Amino acid sequence: MSEPYLRPLPAKSPGTEPFWEAAAEHRLVIPKCNNCGDWNWIPYPGCRTCLSEDQVWTPASGYGTLMTWSIVSRGPPGFPSPYVTALVELDERPRSIVMLGNIVDTPHEDLKVGMRMQVVFEDIADEDISIWRFKAA
Amino acid sequence: MAFPSRKAAVVGVYLTEQGRGLPRTAWSLELEAIKGALDDAGLRPDQVDGLIPMAYVTPLNLHMAWTEQLGGKPITYLDVGSGAGAVAKAAAAIDAGLCKVCVIYFGNANNGNGPGAQKRHDKAPRVDDWDYMVHGAYMSVWYAMWTRAYMHQFNVRQEDLAEYSVIARYHATLNPASIMGKRGEITVDDVMNSRPIADPLHLLECPLDNDGGYAIVVAAEDIARDCKKKPIWVLGGAEATYTDSYRTITSPWISNEGAAVRRVGEMAFENSGITHDEIDVAGLYDCFPVTVARDLEELGFCKLGEGADYIKAGHLRLGGKMPSNTDGGLLSHSHNGNPSGMHTIEVVKQLRGECGERQVPDAKIGLTLAQGWAVHGLAGVAIMAAD
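Reading the values: the criteria
Residues numbered from 1 in each chain as written. Chains lettered and ligands numbered in written order. Predicted model: local features only at pLDDT ≥ 70, side-chain atom pairs only at ≥ 80, totals over all residues. Heavy atoms only, no water. Contact = heavy atoms within 4.5 Å. Buried area = accessible area lost by both parts, 1.4 Å probe. Salt bridge = Lys/Arg side-chain N within 4 Å of Asp/Glu carboxyl O. Polar contact = N/O pair within 3.5 Å; in protein donor to acceptor, adjacent residues only side chain to side chain. Helix = DSSP H or I, 4+ residues; strand = E, 2+ residues; numbered from the N terminus. Nonpolar A, V, L, I, M, F, W, Y, C, P; charged D, E, K, R; others polar. Pairing = 2+ DSSP bridges. UniProt positions renumbered as here; feature names shortened; annotations may be inferred. Axes fitted to C-alpha atoms, helices over the stretch in contact; angles between N-to-C directions. Parallel < 35°, antiparallel > 145°, perpendicular 65-115°, else oblique. Left-handed = near helix turned anticlockwise from the far one by under 90°. Core = buried A, V, L, I, M, F, W, Y, C linked by side-chain atoms within 4.5 Å. Buried < 20%, exposed > 50% of the residue type's maximum accessible area, 1.4 Å probe, protein only. Phe/Tyr/Trp six-rings, centres within 6.5 Å; stacked < 30°, edge-to-face > 60°. Lys NZ or Arg CZ within 6 Å of the ring centre and 35° of its normal.

- As annotated in an unreviewed UniProt entry, chain B carries the name Thiolase family protein and is attributed to Sphingomonas montanisoli.

- Per an unreviewed UniProt entry, chain A is named Zn-ribbon domain-containing OB-fold protein, and its organism is Sphingomonas montanisoli.

**Section: the interface of chain A and chain B**
Reasoning step 1: Of the residues lining the interface, 47 residues belong to chain A; the matching set on chain B comes to 40 residues.
Reasoning step 2: Between chain A and chain B, roughly 3,700 Å² of surface is buried when both sides are summed, and carbon and sulfur atoms account for 60% of that area.
Reasoning step 3: For the interface between chain A and chain B, the tally reads three salt bridges.
Reasoning step 4: The partner of Glu127 of chain A in a salt bridge is Arg126 of chain B, and the shortest N-O contact between them spans 2.9 Å.
Reasoning step 5: Counting every contact that joins chain A to chain B gives 23 residue pairs in polar contact (both at pLDDT 80 or more).
Reasoning step 6: Among the secondary structure elements, those contributing two or more residues to the side of chain A that touches chain B are β1 (9-10), α1 (17-24), β4 (63-72), β5 (83-90), β6 (98-103) and β8 (130-136) of chain A.
Reasoning step 7: For the side of chain A that touches chain B, the element with the highest residue contribution is β4 of chain A, accounting for six residues.
Reasoning step 8: Looking at the side of chain A that touches chain B residue by residue, the classes come out as 28 nonpolar, 11 polar and eight charged.
Reasoning step 9: Bridge count between β1 of chain A and strand β5 (residues 126-127) of chain B: two bridges; the pairing is parallel. Following the sheet pairing, Pro10 of chain A is matched in β5 of chain B by Val127 of chain B.

**What to know about the UniProt feature "domain: Thiolase C-terminal" (unreviewed entry) in chain B**
Reasoning step 1: Here, UniProt's "domain: Thiolase C-terminal" (unreviewed entry) annotation points to residues 259-375 of chain B.
Reasoning step 2: Annotated as residues 259-375 of chain B, this span is 38% helix and 10% strand, and its ends, taken at the C-alpha atoms, are 11 Å apart.

**Some words on the pairing of strand β7 (residues 116-123) of chain A**
As a general feature of sheets, a regular strand has side chains that alternate between the two faces.
Residue and element names in this part refer to chain A.
Reasoning step 1: Bridge analysis of β4 against β7 gives three bridges, and the strand direction is antiparallel. Of the residues in β7, the one forming a bridge with Gly64 is Met117.
Reasoning step 2: Two successive antiparallel strands, β7 and β8, enclose a turn made up of six residues, where Asp126 displays a positive phi of approximately 60°.

**Describing the packing of helix α4 (residues 139-154) of chain B against helix α9 (residues 289-298) of chain B**
If you want to describe how two helices pack, look at the angle between their axes and the distance between the axes.
Residue and element names in this part refer to chain B.
Reasoning step 1: As a packed pair, α4 and α9 sit with axes 10 Å apart at the nearest point and diverge in direction by 60°. With respect to α9, the axis of α4 lies oblique. α9 is crossed by α4, and the crossing has left-handed handedness. Counted together, Tyr143, Trp146, Thr147 and Tyr150 of α4 and Val290, Thr291, Ala293, Arg294 and Glu297 of α9 form the full contact between these two elements.
Reasoning step 2: Its residues assigned to classes, the contact of α4 with α9 shows five nonpolar, two polar and two charged.

**Quick notes on the nonpolar core**
Buried together is how nonpolar side chains tend to be arranged in soluble globular proteins.
All names here are of chain B.
Reasoning step 1: Counting residues in each nonpolar core, the largest one holds 95 residues, and the members touching the most others are Trp142, Trp253, Ile279, Leu296 and Ile383.
Reasoning step 2: No other element matches α4, which puts nine residues into this core.
Reasoning step 3: With sequence-adjacent residues up to four places away left out, Leu296 is seen in contact with Leu284, Phe301, Cys302, Gly307, Tyr310, Ile311, Leu316 and Met322.
Reasoning step 4: In terms of nonpolar packing, the next biggest core, distinct from the first, is built from 40 residues, Ala93, Cys99, Tyr214 and Leu318 among them.

**Details of the packing of aromatic side chains**
Reasoning step 1: Within the structure shown, the criterion is met by 22 aromatic pairs over all chains.
Reasoning step 2: Taking the centre distance of 6.4 Å and the plane angle of 25° together, the rings of Trp20 of chain A and Trp132 of chain A count as stacked. Within this pair, whereas Trp20 of chain A is found in helix α1, its partner Trp132 of chain A is found in strand β8, the two being separated by 112 residues in sequence. Residue Trp20 of chain A shares its accessibility class with Trp132 of chain A, and that shared class is buried.
Reasoning step 3: On the basis of an interplanar angle of 80° and a centroid distance of 5.8 Å, the ring pair of Tyr143 of chain B and Trp146 of chain B is categorised as edge-to-face. Separated by three residues within a single helix, Tyr143 of chain B and Trp146 of chain B lie in helix α4, roughly one turn from each other.
Reasoning step 4: For Tyr143 of chain B, a relative accessible area of 1% puts it in the buried group.
Reasoning step 5: Connected via pairs of aromatic rings, a cluster forms that spans Tyr132, Trp142, Tyr143, Trp146, Tyr246, Trp253 and Phe288 of chain B.
Reasoning step 6: Seen from the ring of Tyr44 of chain A, Arg48 of chain A lies directly overhead, with NZ or CZ sitting 4.5 Å from the centre.
Reasoning step 7: In this structure, Arg148 of chain B packs its charged tip against the face of Trp69 of chain A, placed 4.1 Å from the ring centre.

**Quick notes on unusual backbone geometry**
Reasoning step 1: In this structure, the amide linkage connecting Trp41 of chain A to the following residue, Ile42 of chain A, adopts the cis form with an omega of -5°.
Reasoning step 2: Tracing the backbone through its elements, the reader meets Ile42 of chain A in the loop between β2 (29-33) and β3 (55-59).
Reasoning step 3: Here the residue pair Ser81 of chain A and Pro82 of chain A is connected by a cis peptide bond, since its omega of -5° sits within 30 degrees of zero.
Reasoning step 4: Tracing the backbone shows Pro82 of chain A in the loop between β4 and β5.
Reasoning step 5: The phi angle at Asp105 of chain A is positive, at roughly 50°, despite the residue not being glycine.
Reasoning step 6: We note that Asn155 of chain B has phi near 55°; this positive angle belongs to a residue other than glycine.
Reasoning step 7: Here Asn155 of chain B is to be found in the loop between α4 and α5 (158-173).
Reasoning step 8: Residue classification places Asn155 of chain B among the exposed residues on the basis of a relative accessible area of 71%.

Pasting the structure below:
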């Protein structure tokens, strides 16, 4: 039997259902403003650029570049040791989207600032949620 | 309208014991700190009419509960914020007649920030959808990522940043109240060979995670002149934020335009009328070495990318151009959860001439930078002076 997943998981708060439904299908959707066309990450009720509430969950490329990362040896309870936490800047513009997440399936020695990364999803065993991760593209 | 320089002063400061696992409550530590700081000033609890708690979350009912605790006299100035920014805002509120005696305070017991303080669960806990802990990005991890980005962008050696840990420890050895001072001095090799925490950071590049309380009393000019200790005048300051808390960043992360720290630094130098060369002693928020490097750059003490060189040159060390964090700072004195007022307390003691072995000779003008809640995301500056 595999170890239970004991890291914190998103609560799926009201209004975020489309994000988690897409994640379950391993698709990345991000709010895009219908008024000004800008992307917004993390999701907020209003667009950061024009404050419109008319935002639509829109498929994003899921590709970007590695800004920075840390190989964490001393993690909170429930985390494997080590794990890698990173910031990835997606290709979408004009407003840049920097996502925080864990890197999987990529040798640590291959990590380089600016390398191409892609968003993948992990179905969490025995939980009703899939979480985005990054791996080398 | 100009900032009301010298219309209010820090008249009382107090630190409780700082340490791991204190058998106390946060409330008890705060109460001890408030009583201690008022006693340091020679003021009575019933003279307090302004409250700025430094709690993690500060709903108005927190101010109301403390109003009750302090005896139930109307409190007429209720604010939130970070240590140095709170000092500046208290001074402005006092000048506007909103209060005369404002207490800035914080206490923490058994509620650490680090991974060791997180609870073990039998089932995955549910948190806010975009919470950083989903990705294990506790504070050291965020600052590790910032350190790597900084070293890459400016071709900075980690050993040069680590010089800050060495300076902080040296200062702590001169501060009997510090947690790490009794362990003695360390070298850059000690830092680089200490246990890896979140690469590239090692244990000795990370802050302490302990309990403790503190309080700062700011009072109007007429009251300040009659207090027990010499008043430390507030010359200027400001507070700013530019981002949500540890959940997202804007790209580029480190830019010439700067953000919250750059803004408050510019405002504080302008509204105090003080220049960089006039600062005799400083308290620079120092949760990690890179934070200090970036503080120096954003406040204009050096150019972007030159913060590590400034540290390596020894300018922050006692005897240097601008001795900073002379208590040992957050790495070697105390990081008590929200230590944003700690730097101000040490600079006030320096300007009073109370620092004994670690006293900066003839310190007349000091600057403090509080930071926190996100990587350089919330910042406050106060510039203060002795008579």
